[in-house]
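# An overview of the molecular structure
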There are 2 protein chains.
Amino acid sequence: MDRIGPTFFEEENRVKNLVVRAISGAVLVALVVLSILLSSCYCFGVLFFAVMMLSLVEFYKMAEKIEGVSVDKWMGLAGGAVLYAAAFFVSFLGKSVTLFSVYALYVSVLMAFELFRGKQSPIQNLSATLLGHLYVSVPFVLFCLVEGATEQSKYLLLAFFVIIWASDTGAYLVGRFFGRHKMFERISPKKTWEGFAGGLIFAMVSGYIFHRLAVVDTLELAFWLALSAGVFVFGVLGDLVESMFKRSVGVKDSGNLIPGHGGFLDRFDSALLAAPVLYLLFSWVVYL
Amino acid sequence: MDRIGPTFFEEENRVKNLVVRAISGAVLVALVVLSILLSSCYCFGVLFFAVMMLSLVEFYKMAEKIEGVSVDKWMGLAGGAVLYAAAFFVSFLGKSVTLFSVYALYVSVLMAFELFRGKQSPIQNLSATLLGHLYVSVPFVLFCLVEGATEQSKYLLLAFFVIIWASDTGAYLVGRFFGRHKMFERISPKKTWEGFAGGLIFAMVSGYIFHRLAVVDTLELAFWLALSAGVFVFGVLGDLVESMFKRSVGVKDSGNLIPGHGGFLDRFDSALLAAPVLYLLFSWVVYL
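Since this is a predicted model, take the numbers as computed values, not measurements.

## A short note on the pattern of salt bridges
Residue and element names in this part refer to chain A. Using the criterion set out here, one finds 10 salt bridges over all chains in the structure. Asp266 is the salt-bridge partner of Lys246, the closest N and O atoms lying 2.8 Å from each other. With Lys246 in helix α8 (residues 221–249) and Asp266 in helix α9 (residues 264–287), this pair connects stretches of sequence that are 20 residues apart. A relative accessible area of 10% means that Lys246 is categorised as buried. Overlapping salt bridges bring together Glu242, Lys246 and Asp266 as one network.

Now the structure itself:
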(Lines give C-alpha, C1' and ligand atoms only; values in the text may rest on other atoms or scores of the structure.)
Protein backbone atom coordinates (compact mmCIF):
# COMPACT_ATOMS: atom_id res chain seq x y z
CA MET A 1 0.00 0.00 0.00
CA ASP A 2 1.44 3.39 -0.95
CA ARG A 3 1.38 5.89 1.92
CA ILE A 4 1.32 9.60 1.27
CA GLY A 5 0.68 11.44 4.55
CA PRO A 6 -1.68 10.13 7.21
CA THR A 7 -4.46 7.95 5.83
CA PHE A 8 -8.12 8.64 6.43
CA PHE A 9 -8.20 5.87 9.04
CA GLU A 10 -5.23 7.28 10.92
CA GLU A 11 -6.73 10.76 10.92
CA GLU A 12 -10.06 9.36 12.09
CA ASN A 13 -8.26 7.46 14.86
CA ARG A 14 -6.44 10.59 16.01
CA VAL A 15 -9.69 12.54 16.28
CA LYS A 16 -11.39 9.62 18.03
CA ASN A 17 -8.53 9.46 20.55
CA LEU A 18 -8.83 13.18 21.23
CA VAL A 19 -12.55 12.85 21.85
CA VAL A 20 -12.11 9.87 24.14
CA ARG A 21 -9.39 11.75 26.01
CA ALA A 22 -11.54 14.85 26.39
CA ILE A 23 -14.57 12.92 27.61
CA SER A 24 -12.76 10.72 30.12
CA GLY A 25 -10.74 13.70 31.37
CA ALA A 26 -13.93 15.71 31.88
CA VAL A 27 -15.62 12.82 33.69
CA LEU A 28 -12.68 12.48 36.06
CA VAL A 29 -12.60 16.22 36.76
CA ALA A 30 -16.37 16.26 37.35
CA LEU A 31 -16.13 13.32 39.76
CA VAL A 32 -13.34 14.92 41.74
CA VAL A 33 -15.07 18.32 41.90
CA LEU A 34 -18.44 16.88 42.87
CA SER A 35 -17.11 14.57 45.54
CA ILE A 36 -15.09 17.40 47.10
CA LEU A 37 -18.07 19.77 47.10
CA LEU A 38 -20.59 17.21 48.37
CA SER A 39 -17.98 16.26 50.96
CA SER A 40 -19.92 13.38 52.47
CA CYS A 41 -18.59 10.04 53.61
CA TYR A 42 -20.27 8.44 50.64
CA CYS A 43 -18.89 10.67 47.89
CA PHE A 44 -15.54 12.04 48.90
CA GLY A 45 -14.63 9.15 51.16
CA VAL A 46 -15.38 6.42 48.64
CA LEU A 47 -14.09 8.12 45.48
CA PHE A 48 -10.79 9.28 46.95
CA PHE A 49 -10.29 5.90 48.60
CA ALA A 50 -10.82 4.18 45.24
CA VAL A 51 -8.39 6.50 43.44
CA MET A 52 -5.79 5.98 46.18
CA MET A 53 -6.08 2.19 46.02
CA LEU A 54 -5.95 2.07 42.22
CA SER A 55 -2.89 4.34 42.21
CA LEU A 56 -1.28 2.07 44.77
CA VAL A 57 -1.95 -0.98 42.57
CA GLU A 58 -0.29 0.85 39.66
CA PHE A 59 2.70 1.76 41.81
CA TYR A 60 3.17 -1.83 42.96
CA LYS A 61 2.97 -3.06 39.36
CA MET A 62 5.81 -0.67 38.52
CA ALA A 63 7.88 -1.73 41.53
CA GLU A 64 7.49 -5.41 40.62
CA LYS A 65 9.25 -4.74 37.32
CA ILE A 66 12.47 -4.23 39.26
CA GLU A 67 14.68 -7.30 39.14
CA GLY A 68 14.36 -9.36 42.32
CA VAL A 69 11.65 -7.25 43.98
CA SER A 70 8.52 -9.09 45.09
CA VAL A 71 5.89 -6.93 46.78
CA ASP A 72 3.27 -8.55 49.03
CA LYS A 73 0.55 -6.64 47.17
CA TRP A 74 -2.41 -7.55 49.37
CA MET A 75 -0.55 -6.58 52.51
CA GLY A 76 0.59 -3.39 50.77
CA LEU A 77 -2.99 -2.45 49.87
CA ALA A 78 -4.07 -3.27 53.42
CA GLY A 79 -1.50 -0.76 54.69
CA GLY A 80 -2.84 1.95 52.37
CA ALA A 81 -6.35 1.18 53.62
CA VAL A 82 -5.22 1.42 57.27
CA LEU A 83 -3.74 4.87 56.67
CA TYR A 84 -6.74 6.14 54.73
CA ALA A 85 -9.22 4.72 57.25
CA ALA A 86 -7.36 6.45 60.09
CA ALA A 87 -7.51 9.76 58.19
CA PHE A 88 -11.20 9.28 57.50
CA PHE A 89 -12.05 8.54 61.14
CA VAL A 90 -9.98 11.48 62.34
CA SER A 91 -11.25 13.95 59.77
CA PHE A 92 -14.92 13.06 59.34
CA LEU A 93 -15.77 11.31 62.59
CA GLY A 94 -13.58 13.34 64.93
CA LYS A 95 -11.64 10.42 66.41
CA SER A 96 -8.28 10.85 68.12
CA VAL A 97 -5.27 11.37 65.89
CA THR A 98 -3.52 8.54 67.80
CA LEU A 99 -5.46 6.23 65.45
CA PHE A 100 -2.59 6.78 63.00
CA SER A 101 -0.36 4.72 65.27
CA VAL A 102 -2.27 1.63 64.12
CA TYR A 103 -0.18 2.04 60.97
CA ALA A 104 3.00 1.60 63.05
CA LEU A 105 1.66 -1.74 64.29
CA TYR A 106 0.81 -2.62 60.69
CA VAL A 107 4.47 -2.01 59.74
CA SER A 108 5.60 -4.42 62.47
CA VAL A 109 3.13 -7.04 61.24
CA LEU A 110 4.18 -6.55 57.62
CA MET A 111 7.82 -7.11 58.57
CA ALA A 112 6.90 -10.24 60.54
CA PHE A 113 4.95 -11.57 57.52
CA GLU A 114 8.05 -11.11 55.37
CA LEU A 115 9.84 -13.62 57.63
CA PHE A 116 7.49 -16.34 56.41
CA ARG A 117 7.64 -15.45 52.71
CA GLY A 118 11.23 -16.67 52.50
CA LYS A 119 12.12 -14.33 49.60
CA GLN A 120 15.68 -13.42 48.61
CA SER A 121 15.47 -9.66 49.10
CA PRO A 122 13.35 -8.81 52.16
CA ILE A 123 14.75 -5.27 52.52
CA GLN A 124 13.79 -4.40 48.96
CA ASN A 125 10.37 -6.05 49.17
CA LEU A 126 9.43 -4.28 52.38
CA SER A 127 10.81 -0.94 51.30
CA ALA A 128 8.95 -0.97 47.96
CA THR A 129 5.73 -1.87 49.79
CA LEU A 130 6.16 0.98 52.26
CA LEU A 131 7.30 3.49 49.65
CA GLY A 132 3.87 2.99 48.08
CA HIS A 133 2.29 4.29 51.27
CA LEU A 134 4.53 7.32 51.63
CA TYR A 135 4.34 8.19 47.94
CA VAL A 136 0.65 7.47 47.23
CA SER A 137 -1.37 6.97 50.42
CA VAL A 138 -0.02 9.77 52.63
CA PRO A 139 -1.02 12.50 50.13
CA PHE A 140 -4.56 11.12 50.08
CA VAL A 141 -4.49 11.09 53.88
CA LEU A 142 -3.65 14.79 53.75
CA PHE A 143 -6.48 15.48 51.25
CA CYS A 144 -8.87 13.72 53.59
CA LEU A 145 -7.64 15.71 56.60
CA VAL A 146 -8.06 19.02 54.76
CA GLU A 147 -11.47 18.11 53.35
CA GLY A 148 -13.06 17.36 56.70
CA ALA A 149 -11.22 19.92 58.87
CA THR A 150 -13.53 22.95 58.80
CA GLU A 151 -16.72 24.20 57.17
CA GLN A 152 -14.85 25.89 54.34
CA SER A 153 -11.75 23.75 53.98
CA LYS A 154 -13.26 21.69 51.18
CA TYR A 155 -13.08 24.79 48.96
CA LEU A 156 -9.38 24.92 49.67
CA LEU A 157 -8.97 21.34 48.50
CA LEU A 158 -10.95 22.16 45.37
CA ALA A 159 -8.75 25.22 44.78
CA PHE A 160 -5.69 22.99 45.10
CA PHE A 161 -6.86 20.76 42.25
CA VAL A 162 -7.94 23.72 40.11
CA ILE A 163 -4.49 25.29 40.54
CA ILE A 164 -2.89 22.05 39.34
CA TRP A 165 -5.24 21.67 36.38
CA ALA A 166 -4.98 25.35 35.36
CA SER A 167 -1.19 25.37 35.55
CA ASP A 168 -1.02 22.09 33.61
CA THR A 169 -3.06 23.68 30.84
CA GLY A 170 -1.03 26.90 30.95
CA ALA A 171 2.24 25.00 30.79
CA TYR A 172 0.99 22.91 27.89
CA LEU A 173 -0.25 25.87 25.83
CA VAL A 174 2.71 28.19 26.44
CA GLY A 175 5.19 25.33 26.03
CA ARG A 176 3.60 24.27 22.76
CA PHE A 177 3.73 27.68 21.13
CA PHE A 178 6.80 29.28 22.71
CA GLY A 179 8.79 26.33 24.09
CA ARG A 180 12.52 26.59 23.25
CA HIS A 181 14.71 25.79 26.25
CA LYS A 182 14.56 22.23 27.51
CA MET A 183 14.06 21.91 31.25
CA PHE A 184 14.92 18.31 32.19
CA GLU A 185 15.58 16.44 28.97
CA ARG A 186 16.95 13.29 30.60
CA ILE A 187 13.63 12.54 32.25
CA SER A 188 10.92 14.50 30.47
CA PRO A 189 12.05 15.64 27.00
CA LYS A 190 8.98 17.72 26.19
CA LYS A 191 9.12 20.07 29.18
CA THR A 192 10.51 23.56 28.54
CA TRP A 193 11.31 26.55 30.75
CA GLU A 194 8.80 28.59 28.74
CA GLY A 195 6.12 26.07 29.62
CA PHE A 196 7.22 26.26 33.26
CA ALA A 197 6.79 30.05 33.21
CA GLY A 198 3.36 29.68 31.59
CA GLY A 199 2.27 27.20 34.22
CA LEU A 200 3.48 29.43 37.03
CA ILE A 201 1.54 32.40 35.64
CA PHE A 202 -1.66 30.35 35.28
CA ALA A 203 -1.21 29.05 38.83
CA MET A 204 -0.71 32.53 40.29
CA VAL A 205 -3.66 33.93 38.36
CA SER A 206 -5.86 31.12 39.68
CA GLY A 207 -4.70 31.90 43.20
CA TYR A 208 -5.48 35.59 42.66
CA ILE A 209 -8.97 34.74 41.38
CA PHE A 210 -9.63 32.51 44.39
CA HIS A 211 -8.68 35.42 46.61
CA ARG A 212 -10.97 37.84 44.72
CA LEU A 213 -13.84 35.37 44.92
CA ALA A 214 -13.15 35.03 48.65
CA VAL A 215 -13.45 31.26 48.27
CA VAL A 216 -12.34 30.90 51.88
CA ASP A 217 -13.13 34.25 53.46
CA THR A 218 -10.39 34.37 56.09
CA LEU A 219 -7.46 33.74 53.76
CA GLU A 220 -5.27 36.61 52.59
CA LEU A 221 -3.76 37.18 49.17
CA ALA A 222 -0.28 36.25 50.40
CA PHE A 223 -1.63 32.83 51.41
CA TRP A 224 -3.16 32.23 47.98
CA LEU A 225 -0.03 33.28 46.11
CA ALA A 226 2.21 31.15 48.33
CA LEU A 227 -0.15 28.21 47.86
CA SER A 228 -0.25 28.63 44.07
CA ALA A 229 3.51 28.96 43.68
CA GLY A 230 4.27 26.11 46.10
CA VAL A 231 1.71 23.75 44.63
CA PHE A 232 2.88 24.54 41.11
CA VAL A 233 6.58 23.94 41.80
CA PHE A 234 5.97 20.71 43.72
CA GLY A 235 3.44 19.68 41.09
CA VAL A 236 6.08 19.94 38.36
CA LEU A 237 8.52 17.99 40.56
CA GLY A 238 5.82 15.37 41.11
CA ASP A 239 5.34 15.01 37.39
CA LEU A 240 9.10 14.59 36.93
CA VAL A 241 9.41 12.11 39.79
CA GLU A 242 6.72 9.87 38.31
CA SER A 243 8.45 10.08 34.90
CA MET A 244 11.72 9.12 36.59
CA PHE A 245 10.04 6.09 38.19
CA LYS A 246 8.45 5.02 34.89
CA ARG A 247 11.70 5.45 32.97
CA SER A 248 13.68 3.48 35.53
CA VAL A 249 11.41 0.45 35.08
CA GLY A 250 10.79 0.99 31.35
CA VAL A 251 7.06 1.72 31.18
CA LYS A 252 5.31 4.57 29.39
CA ASP A 253 2.08 4.79 31.40
CA SER A 254 1.46 3.67 34.96
CA GLY A 255 -1.80 1.99 33.88
CA ASN A 256 -4.60 2.09 31.31
CA LEU A 257 -7.73 2.54 33.39
CA ILE A 258 -8.52 6.10 32.26
CA PRO A 259 -9.24 5.96 28.51
CA GLY A 260 -6.77 8.20 26.66
CA HIS A 261 -4.96 9.29 29.85
CA GLY A 262 -3.06 6.22 31.04
CA GLY A 263 -3.32 5.37 34.71
CA PHE A 264 -4.45 7.13 37.87
CA LEU A 265 -0.86 7.68 38.95
CA ASP A 266 -0.28 9.55 35.67
CA ARG A 267 -3.24 11.81 36.42
CA PHE A 268 -2.45 12.45 40.09
CA ASP A 269 1.37 12.55 39.98
CA SER A 270 1.54 16.33 40.48
CA ALA A 271 -0.97 16.28 43.31
CA LEU A 272 1.01 13.64 45.23
CA LEU A 273 4.16 15.70 45.76
CA ALA A 274 2.22 18.97 46.16
CA ALA A 275 -0.14 17.65 48.85
CA PRO A 276 2.18 18.44 51.81
CA VAL A 277 2.45 22.07 50.63
CA LEU A 278 -1.35 22.36 50.79
CA TYR A 279 -1.54 20.68 54.18
CA LEU A 280 1.27 22.65 55.80
CA LEU A 281 0.02 26.05 54.61
CA PHE A 282 -3.48 25.05 55.66
CA SER A 283 -2.48 23.89 59.13
CA TRP A 284 -0.29 26.94 59.59
CA VAL A 285 -3.39 29.09 59.13
CA VAL A 286 -5.82 26.87 61.04
CA TYR A 287 -3.89 25.27 63.86
CA LEU A 288 -1.00 27.56 64.70
CA MET B 1 53.37 -24.44 67.19
CA ASP B 2 51.58 -27.51 68.52
CA ARG B 3 48.03 -26.82 69.68
CA ILE B 4 46.40 -28.96 72.30
CA GLY B 5 43.12 -27.42 73.41
CA PRO B 6 42.69 -23.67 73.84
CA THR B 7 45.92 -21.90 74.65
CA PHE B 8 46.32 -19.70 77.66
CA PHE B 9 46.01 -16.63 75.39
CA GLU B 10 42.76 -17.85 73.84
CA GLU B 11 41.27 -18.54 77.24
CA GLU B 12 42.38 -15.15 78.50
CA ASN B 13 40.81 -13.55 75.41
CA ARG B 14 37.49 -15.30 75.99
CA VAL B 15 37.32 -14.06 79.57
CA LYS B 16 38.35 -10.58 78.49
CA ASN B 17 35.56 -10.55 75.87
CA LEU B 18 33.00 -11.60 78.46
CA VAL B 19 34.10 -8.83 80.80
CA VAL B 20 34.01 -6.21 78.03
CA ARG B 21 30.56 -7.45 77.02
CA ALA B 22 29.25 -7.29 80.57
CA ILE B 23 30.62 -3.81 81.21
CA SER B 24 29.42 -2.24 77.96
CA GLY B 25 26.03 -3.92 78.31
CA ALA B 26 25.66 -2.58 81.86
CA VAL B 27 26.70 0.92 80.77
CA LEU B 28 24.08 0.91 77.99
CA VAL B 29 21.35 -0.33 80.34
CA ALA B 30 22.31 2.28 82.94
CA LEU B 31 22.23 5.07 80.35
CA VAL B 32 18.81 4.03 79.05
CA VAL B 33 17.33 3.65 82.55
CA LEU B 34 18.76 6.95 83.81
CA SER B 35 17.71 8.97 80.79
CA ILE B 36 14.16 7.56 80.97
CA LEU B 37 13.87 8.29 84.71
CA LEU B 38 15.41 11.76 84.55
CA SER B 39 13.15 12.41 81.56
CA SER B 40 14.51 15.82 80.72
CA CYS B 41 15.15 17.25 77.29
CA TYR B 42 18.85 16.97 77.96
CA CYS B 43 18.97 13.32 79.00
CA PHE B 44 16.20 11.39 77.32
CA GLY B 45 15.95 13.66 74.28
CA VAL B 46 19.65 13.62 73.46
CA LEU B 47 20.43 9.98 74.29
CA PHE B 48 17.47 8.49 72.43
CA PHE B 49 18.11 10.80 69.49
CA ALA B 50 21.72 9.62 69.35
CA VAL B 51 20.75 5.94 69.51
CA MET B 52 18.13 6.47 66.79
CA MET B 53 20.58 8.21 64.45
CA LEU B 54 23.33 5.64 65.00
CA SER B 55 20.86 2.80 64.34
CA LEU B 56 19.77 4.57 61.17
CA VAL B 57 23.38 4.84 60.01
CA GLU B 58 23.78 1.11 60.60
CA PHE B 59 20.59 0.36 58.68
CA TYR B 60 21.72 2.45 55.70
CA LYS B 61 25.09 0.69 55.70
CA MET B 62 23.23 -2.63 55.43
CA ALA B 63 20.93 -1.35 52.68
CA GLU B 64 23.91 -0.10 50.66
CA LYS B 65 25.22 -3.66 50.46
CA ILE B 66 22.32 -4.49 48.14
CA GLU B 67 23.43 -4.52 44.51
CA GLY B 68 22.46 -1.28 42.77
CA VAL B 69 21.04 0.50 45.82
CA SER B 70 22.50 3.91 46.61
CA VAL B 71 20.99 5.66 49.63
CA ASP B 72 21.31 9.44 50.00
CA LYS B 73 22.52 8.95 53.57
CA TRP B 74 22.59 12.59 54.67
CA MET B 75 19.06 13.17 53.40
CA GLY B 76 18.00 9.93 55.07
CA LEU B 77 19.44 11.03 58.41
CA ALA B 78 17.77 14.41 57.97
CA GLY B 79 14.42 12.62 57.61
CA GLY B 80 14.97 10.67 60.80
CA ALA B 81 15.85 13.93 62.56
CA VAL B 82 12.67 15.61 61.24
CA LEU B 83 10.50 12.81 62.62
CA TYR B 84 12.26 12.72 65.98
CA ALA B 85 12.22 16.51 66.32
CA ALA B 86 8.47 16.56 65.64
CA ALA B 87 7.93 13.90 68.32
CA PHE B 88 10.08 15.84 70.76
CA PHE B 89 8.22 19.12 70.19
CA VAL B 90 4.84 17.40 70.48
CA SER B 91 5.69 15.33 73.53
CA PHE B 92 7.88 17.62 75.64
CA LEU B 93 6.91 21.08 74.48
CA GLY B 94 3.21 20.45 73.83
CA LYS B 95 3.19 21.59 70.20
CA SER B 96 0.45 20.55 67.76
CA VAL B 97 0.63 17.04 66.38
CA THR B 98 0.30 18.53 62.86
CA LEU B 99 4.06 19.12 63.14
CA PHE B 100 4.43 15.54 61.91
CA SER B 101 3.19 16.66 58.50
CA VAL B 102 6.57 18.39 58.00
CA TYR B 103 7.79 14.85 57.37
CA ALA B 104 5.38 14.55 54.41
CA LEU B 105 6.99 17.67 52.89
CA TYR B 106 10.38 16.12 53.58
CA VAL B 107 9.34 13.05 51.55
CA SER B 108 8.41 15.28 48.61
CA VAL B 109 11.75 17.10 48.84
CA LEU B 110 13.66 13.80 49.10
CA MET B 111 11.97 12.55 45.94
CA ALA B 112 12.74 15.79 44.13
CA PHE B 113 16.40 15.50 45.18
CA GLU B 114 16.52 12.02 43.69
CA LEU B 115 15.75 13.60 40.29
CA PHE B 116 19.10 15.35 40.37
CA ARG B 117 21.15 12.38 41.56
CA GLY B 118 20.69 10.64 38.21
CA LYS B 119 21.04 7.14 39.69
CA GLN B 120 19.91 3.96 37.94
CA SER B 121 17.41 2.77 40.51
CA PRO B 122 15.50 5.70 42.03
CA ILE B 123 12.62 3.57 43.34
CA GLN B 124 14.99 1.33 45.31
CA ASN B 125 17.10 4.23 46.58
CA LEU B 126 14.10 6.16 47.84
CA SER B 127 12.40 3.16 49.31
CA ALA B 128 15.48 2.01 51.22
CA THR B 129 15.91 5.54 52.60
CA LEU B 130 12.30 5.70 53.75
CA LEU B 131 12.25 2.15 55.11
CA GLY B 132 14.95 3.34 57.51
CA HIS B 133 12.49 5.87 58.92
CA LEU B 134 9.60 3.43 59.30
CA TYR B 135 11.80 0.68 60.71
CA VAL B 136 14.09 2.70 62.98
CA SER B 137 12.86 6.27 63.51
CA VAL B 138 9.12 5.71 64.03
CA PRO B 139 9.68 3.40 67.04
CA PHE B 140 11.84 6.10 68.64
CA VAL B 141 9.10 8.62 67.87
CA LEU B 142 6.70 6.39 69.80
CA PHE B 143 9.11 6.09 72.74
CA CYS B 144 9.39 9.86 72.83
CA LEU B 145 5.60 10.28 72.73
CA VAL B 146 5.11 7.83 75.60
CA GLU B 147 7.93 9.30 77.70
CA GLY B 148 6.55 12.83 77.69
CA ALA B 149 2.82 12.07 77.71
CA THR B 150 1.93 12.03 81.42
CA GLU B 151 3.52 12.28 84.83
CA GLN B 152 3.87 8.51 85.17
CA SER B 153 4.24 7.37 81.59
CA LYS B 154 8.02 7.32 81.80
CA TYR B 155 7.72 4.36 84.17
CA LEU B 156 5.77 2.57 81.49
CA LEU B 157 8.58 3.12 78.99
CA LEU B 158 11.07 1.84 81.53
CA ALA B 159 8.88 -1.23 82.15
CA PHE B 160 8.82 -1.83 78.38
CA PHE B 161 12.61 -2.07 78.25
CA VAL B 162 12.80 -4.16 81.42
CA ILE B 163 10.28 -6.63 79.95
CA ILE B 164 12.46 -6.95 76.84
CA TRP B 165 15.69 -7.39 78.81
CA ALA B 166 14.15 -9.84 81.29
CA SER B 167 12.59 -11.98 78.57
CA ASP B 168 15.87 -11.93 76.60
CA THR B 169 17.66 -13.27 79.65
CA GLY B 170 14.93 -15.84 80.33
CA ALA B 171 14.96 -17.05 76.74
CA TYR B 172 18.75 -17.35 76.80
CA LEU B 173 18.93 -19.29 80.05
CA VAL B 174 16.02 -21.67 79.39
CA GLY B 175 17.08 -22.16 75.76
CA ARG B 176 20.65 -22.91 76.77
CA PHE B 177 19.76 -25.60 79.30
CA PHE B 178 16.55 -27.09 77.90
CA GLY B 179 16.55 -26.04 74.22
CA ARG B 180 15.60 -28.94 71.90
CA HIS B 181 13.12 -27.86 69.24
CA LYS B 182 14.36 -25.34 66.70
CA MET B 183 12.04 -22.38 66.14
CA PHE B 184 13.17 -20.67 62.93
CA GLU B 185 16.34 -22.40 61.81
CA ARG B 186 16.52 -20.72 58.38
CA ILE B 187 17.01 -17.30 59.95
CA SER B 188 18.14 -17.76 63.54
CA PRO B 189 19.54 -21.27 64.13
CA LYS B 190 20.04 -20.91 67.89
CA LYS B 191 16.45 -20.04 68.82
CA THR B 192 14.36 -22.85 70.32
CA TRP B 193 10.72 -23.14 71.37
CA GLU B 194 11.88 -23.93 74.88
CA GLY B 195 13.73 -20.61 74.94
CA PHE B 196 10.60 -18.90 73.60
CA ALA B 197 8.57 -20.35 76.48
CA GLY B 198 11.21 -19.26 78.99
CA GLY B 199 11.20 -15.73 77.57
CA LEU B 200 7.42 -15.56 77.72
CA ILE B 201 7.39 -16.65 81.37
CA PHE B 202 10.04 -14.08 82.33
CA ALA B 203 8.07 -11.39 80.45
CA MET B 204 4.80 -12.24 82.19
CA VAL B 205 6.45 -12.42 85.60
CA SER B 206 7.99 -8.97 85.01
CA GLY B 207 4.54 -7.65 84.07
CA TYR B 208 3.07 -9.17 87.22
CA ILE B 209 5.78 -7.58 89.37
CA PHE B 210 5.17 -4.17 87.78
CA HIS B 211 1.52 -4.56 88.66
CA ARG B 212 2.28 -5.54 92.27
CA LEU B 213 4.68 -2.59 92.62
CA ALA B 214 1.92 -0.35 91.21
CA VAL B 215 4.54 1.24 88.95
CA VAL B 216 1.76 3.16 87.25
CA ASP B 217 -1.07 3.21 89.78
CA THR B 218 -4.04 3.28 87.40
CA LEU B 219 -3.08 0.26 85.32
CA GLU B 220 -4.74 -3.09 85.92
CA LEU B 221 -3.20 -6.55 85.87
CA ALA B 222 -4.83 -7.36 82.51
CA PHE B 223 -3.03 -4.37 80.97
CA TRP B 224 0.35 -5.48 82.30
CA LEU B 225 -0.09 -9.08 81.14
CA ALA B 226 -1.26 -7.98 77.68
CA LEU B 227 1.69 -5.59 77.45
CA SER B 228 4.20 -8.26 78.53
CA ALA B 229 2.89 -10.89 76.13
CA GLY B 230 2.54 -8.47 73.19
CA VAL B 231 5.95 -6.88 73.71
CA PHE B 232 7.57 -10.28 74.08
CA VAL B 233 6.05 -11.76 70.89
CA PHE B 234 6.81 -8.68 68.77
CA GLY B 235 10.23 -8.48 70.38
CA VAL B 236 11.06 -12.00 69.19
CA LEU B 237 9.73 -11.12 65.72
CA GLY B 238 11.88 -7.97 65.76
CA ASP B 239 14.95 -10.03 66.57
CA LEU B 240 14.12 -12.40 63.69
CA VAL B 241 13.43 -9.54 61.24
CA GLU B 242 16.81 -7.97 61.94
CA SER B 243 18.49 -11.37 61.48
CA MET B 244 16.63 -11.74 58.17
CA PHE B 245 17.90 -8.33 57.04
CA LYS B 246 21.47 -9.13 58.05
CA ARG B 247 21.41 -12.55 56.40
CA SER B 248 20.00 -11.13 53.18
CA VAL B 249 22.95 -8.74 52.84
CA GLY B 250 25.52 -11.13 54.33
CA VAL B 251 26.61 -9.35 57.51
CA LYS B 252 26.87 -10.78 61.03
CA ASP B 253 26.49 -7.61 63.10
CA SER B 254 24.85 -4.34 62.12
CA GLY B 255 27.82 -2.39 63.51
CA ASN B 256 30.63 -2.50 66.06
CA LEU B 257 30.05 0.56 68.21
CA ILE B 258 29.05 -1.30 71.39
CA PRO B 259 32.09 -3.32 72.51
CA GLY B 260 31.19 -7.02 72.58
CA HIS B 261 27.58 -6.46 71.46
CA GLY B 262 27.83 -5.43 67.81
CA GLY B 263 25.78 -2.44 66.74
CA PHE B 264 22.90 -0.42 68.14
CA LEU B 265 20.47 -2.07 65.76
CA ASP B 266 21.50 -5.44 67.21
CA ARG B 267 20.75 -4.18 70.72
CA PHE B 268 17.43 -2.47 69.90
CA ASP B 269 16.01 -4.84 67.27
CA SER B 270 13.36 -6.29 69.60
CA ALA B 271 12.30 -2.86 70.82
CA LEU B 272 11.75 -1.58 67.27
CA LEU B 273 8.98 -4.00 66.32
CA ALA B 274 7.48 -4.04 69.82
CA ALA B 275 7.22 -0.24 70.12
CA PRO B 276 3.76 0.02 68.46
CA VAL B 277 2.37 -2.55 70.93
CA LEU B 278 3.47 -0.31 73.81
CA TYR B 279 2.12 2.83 72.18
CA LEU B 280 -1.25 1.38 71.21
CA LEU B 281 -1.93 -0.19 74.61
CA PHE B 282 -0.79 3.04 76.25
CA SER B 283 -2.96 5.29 74.10
CA TRP B 284 -5.90 2.94 74.51
CA VAL B 285 -5.68 3.54 78.28
CA VAL B 286 -4.84 7.23 78.16
CA TYR B 287 -6.66 8.70 75.16
CA LEU B 288 -9.70 6.54 74.48
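Now, onward.
## Considering the relation of the copies chain A and chain B
Note on the identical chains: chain A maps onto chain B by a rotation of 180° and an axial translation of 0.0 Å, with an RMSD of 0.0 Å. Such a combination of turn and shift is consistent with a two-fold rotation axis. The C-alpha atom lying nearest the rotation axis in chain A is that of Ser127 of chain A; the distance is 2.4 Å. Interface overlap between copies: 100% of the residues of chain A at the interface are likewise at the interface in chain B, consistent with a symmetric, same-surface contact.

## Notes on the packing of aromatic side chains
All names here are of chain B. As enumerated under the stated definition, the model contains 48 aromatic pairs over all chains in all. Ring centres 5.8 Å apart and planes at 35° place the aromatic pair Phe161 and Trp165 in the tilted group. Of the two residues, Phe161 and Trp165 are both situated in helix α6 (residues 153–178); the distance of 4 residues between them amounts to about one turn of the helix. Judged by relative accessible area, Phe161 falls into the buried class, the value being 1%.

## So, the interface of chain A and chain B
At the junction of the two partners, chain A supplies 51 residues and chain B supplies 51 residues. Across the chain A/chain B interface, buried area totals approximately 4300 Å², and carbon plus sulfur atoms make up 85% of it. When residues of chain A are sorted by the area they lose upon contact with chain B, Leu115, Ile123 and Leu134 of chain A head the list and together hold 17% of the total. Taken together, the links from chain A to chain B amount to 0 salt bridges. Those elements that place two or more of their residues in the side of chain A that touches chain B are α4 (101–117), α5 (122–147), α8 and α9 of chain A. Here the side of chain A that touches chain B takes 13 residues from α4 of chain A, the largest share from any one element. Looking at the side of chain A that touches chain B residue by residue, the class counts come to 39 nonpolar, 10 polar and 2 charged.

Conventions and cut-offs
- Residues numbered from 1 in each chain as written.
- Chains lettered and ligands numbered in written order.
- Predicted model: local features only at pLDDT ≥ 70, side-chain atom pairs only at ≥ 80, totals over all residues.
- Heavy atoms only, no water.
- Salt bridge = Lys/Arg side-chain N within 4 Å of Asp/Glu carboxyl O.
- Helix = DSSP H or I, 4+ residues; strand = E, 2+ residues; numbered from the N terminus.
- Buried < 20%, exposed > 50% of the residue type's maximum accessible area, 1.4 Å probe, protein only.
- Least-squares fit on C-alpha atoms with pLDDT ≥ 70 in both.
- Contact = heavy atoms within 4.5 Å.
- Phe/Tyr/Trp six-rings, centres within 6.5 Å; stacked < 30°, edge-to-face > 60°.
- Buried area = accessible area lost by both parts, 1.4 Å probe.
- Nonpolar A, V, L, I, M, F, W, Y, C, P; charged D, E, K, R; others polar.

As far as function goes, none of this settles anything; it's purely spatial.
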